[in-house]
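Summary of structural features
If you want the building blocks of each chain, they are given just below.
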Amino acid sequence: MLDLSNGTVSLTEQDLEALEIGSGILGTGGGGNPYIGKLRAREVLRAGYELRVQPLETLDDQAKVIPLGGIGAPLVSFERIKEGREGLRCLRALEQRLGITADAVACEEIGGQNSMEPLVTAALAGLPVVDGDGMGRAFPEMQMTTYAIYGHRSTPSVMCDPHGNIVIFDHAITEKWHETMARACVVAQGGASVLAAAPMSGAFMKRYSIPHTYTQAIGLGYAVLEARRDHEDPIKAICDREGGRQVFAGKITDLKRHFKGGFNVGVAQIEGLEGWRDSEAEIVIQNEFLIFNRDGEVEVCVPDLVVVLDLDSGLPLTTEVLRYGQRVAVLALPCHPLLRTSDALDVVGPACFGHPEVTFRPLPAKEAAP
């Protein structure tokens, strides 16, 4: 388990194995493929760099923390391997543009490969990554972070692609405009790039980030690994740890998925198995699993987490690896309270994904600390 009680910790290869699983679960199908991210992070570690995670509480209030993550479609980032130093180029270009030196890197979203991107960049820059993020999961659009929801303005920002192109967004009148311009740019860059946003203060990050999410994701991964080692149920281990529940098991009978406007969008149809044999389910996809309904009734929707696991192994599945005939389990996990305020629901509620007919009915809140 990751223990930050004595200060900043350097991750091991075993921690990366756990983070791959934990970030895959919290990614709700998106955030980029965590296996690819793990391979990249492991290569950086083996090259002699340190992947350091700093406790949120030890961050100086005046520290300059640069949030960073991948942007684009998970399918593209799965098929087109990154050059490797896109994030570092973003960081250095932003420092030069603002005339500052960063003190730490922040994670935009803990889900999927985007949990690894800040670690790789920070390691190459000799900086730590703060134990927290802006989503506590993955969302498809940049304005959907708690950083943006609670007042951080993310421009000037820098986007870099594998070819060496560097694009600076000097000013956006709203966070949504920043997302719109960045999305158009990432399509031009091939569908998957890295973006570093304007720095936050340490005080802001301590107040408005989803706290301790590297600890949470790595702990969650270790819980799954231990359950599998001990021949116990990894699905139950996840639900027990996260205060969630299994809502379905079944076989994928149809999958509509395509690339549109810089996103993976689609719908997965699932025929029930085990205790759900007489039911049919559907999951709506926009990079992530957004809405789960059973027999025509919505049971779970954003910002709560819809998680799809391989039914036999209990390991998380991302949207780009779903296939016809796969046997899957569907879990519902509660999101962090910072995503349930009226301000947050105006940005990450179901209406923001084109589903105004869906009403968010929150799952029971998680009781235990991660």
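That block above? That's the structure.
Residues numbered from 1 in each chain as written. Predicted model: local features only at pLDDT ≥ 70, side-chain atom pairs only at ≥ 80, totals over all residues. Heavy atoms only, no water.

Okay, the overall build of the chain next. Secondary structure summary: the chain contains eleven helices and 17 strands in total. The C-alpha radius of gyration of the chain comes to 19 Å, within 12% of the 21 Å expected for a compact globule of 370 residues. C-alpha atoms of the chain, sized along the principal axes, occupy 60 × 45 × 35 Å. For the chain, the residues scored as buried account for 61% of the 370 residues in total. A total of about 14,200 Å² of accessible surface is found on the chain, and carbon and sulfur atoms cover 50% of it. The positive charge centre, built from 34 side chains, and the negative charge centre, built from 49, are 3 Å apart in the chain. (Helix = DSSP H or I, 4+ residues; strand = E, 2+ residues; numbered from the N terminus. Rg over C-alpha atoms; globule rule 2.2 N^0.38 Å. Buried < 20%, exposed > 50% of the residue type's maximum accessible area, 1.4 Å probe, protein only. Areas by Shrake-Rupley, 256 points an atom, 1.4 Å probe, with all protein chains shown as cover. Lys, Arg positive; Asp, Glu negative; His and termini not counted. Charge placed at Lys NZ, Arg CZ, Asp CG, Glu CD.)

Before going further, it helps to examine the sheet that holds strand β17 (residues 327-333). Hydrogen bonding along the main chain pairs the strands of a sheet, whether they run parallel or antiparallel. In space, the seven strands of this open sheet follow the order β15-β14-β13-β12-β11-β17-β16, with antiparallel pairing throughout. On the outer flanks of this sheet lie β15 (297-301) and β16 (305-310), each paired with one strand and no other. Each adjacent strand pair in this sheet contributes to an overall mean axis angle of 35 degrees, direction not counted. With ten bridges connecting them, strand β11 (residues 245-260) and strand β12 (residues 263-272) associate as antiparallel partners. Within the sheet, the bridge partner assigned to Arg257 lies in β12 and is Gly266. In the packing of helix α10 (residues 234-242) onto the sheet, contacts are made with β11, β16 and β17, and the angle to β17 comes to roughly 10 degrees. (Pairing = 2+ DSSP bridges. Axes fitted to C-alpha atoms, helices over the stretch in contact; angles between N-to-C directions. Contact = heavy atoms within 4.5 Å.)

Here the focus is a negative patch on the surface. A cluster of acidic side chains, namely Glu271, Asp278, Glu280, Asp295 and Glu297, defines a negative patch on the protein surface. Tracing the backbone shows Glu271 in strand β12. (Patch = residues over 30% accessible without salt bridge, like charges linked within 9 Å, V, L, I, M, F, W, Y side chains within 5 Å. Salt bridge = Lys/Arg side-chain N within 4 Å of Asp/Glu carboxyl O.)

What follows deals with the packing of helix α1 (residues 13-26) against helix α2 (residues 34-46). To describe two helices that pack against each other, one gives the angle between their axes and the distance between the axes. Here α1 crosses α2 at 160 degrees, and the two axes come no closer than 9 Å. Relative to α2, the element α1 is oriented roughly antiparallel. Every pair of crossing elements has a handedness; the one defined by α1 and α2 is right-handed. Of the residues in α2, those in contact with Glu13, Leu16, Glu17, Glu20, Ser23 and Gly24 of α1 are Pro34, Tyr35, Lys38, Ala41, Arg42, Leu45 and Arg46. Grouping the amino acids of the contact of α1 with α2 by side-chain chemistry returns five nonpolar, two polar and six charged. (Parallel < 35°, antiparallel > 145°, perpendicular 65-115°, else oblique. Left-handed = near helix turned anticlockwise from the far one by under 90°. Nonpolar A, V, L, I, M, F, W, Y, C, P; charged D, E, K, R; others polar.)

Between α2 and helix α5 (residues 117-125), whose axes approach to 9 Å, the crossing angle comes to 20 degrees. Viewed along their axes, α2 and α5 adopt a mutual orientation that is roughly parallel. Considering only the axes of α2 and α5, their crossing is left-handed. Only Glu117, Val120, Ala123 and Leu124 of α5 make contact with α2, whose side of the interface consists of Arg40, Ala41 and Val44. Considering only residue class, the contact of α2 with α5 consists of five nonpolar, no polar and two charged.

Right, let's get into the side chain of Gln326. Note on placement: Gln326 falls in the loop between β16 and β17. Taking relative accessible area as the criterion, Gln326 reaches 18% and is therefore assigned buried. Polar contacts involving the side chain of Gln326 include one to the main-chain carbonyl oxygen of Val321, which spans 3.2 Å. With sequence-adjacent residues up to four places away left out, Gln326 is seen in contact with Gly250, Lys251, Ile252, Leu317 and Val321. (Polar contact = N/O pair within 3.5 Å; in protein donor to acceptor, adjacent residues only side chain to side chain.)

Spanning 13 residues, α2 covers 18 Å between terminal C-alpha atoms, matching the ideal 18 Å at 1.5 Å per step. Its buried side turned inward, α2 meets α1, α3 (74-79) and α5. Regarding α2, its N-cap is Asn33, as a side-chain oxygen of that residue lies 2.9 Å from the backbone nitrogen of Tyr35 further along. Just past α2, the residue Gly48 takes up positive phi, approximately 105 degrees. (Expected span 1.5 Å × (residues − 1).)

Here Val307 is to be found in strand β16. For Val307, a relative accessible area of 1% translates into the label buried.

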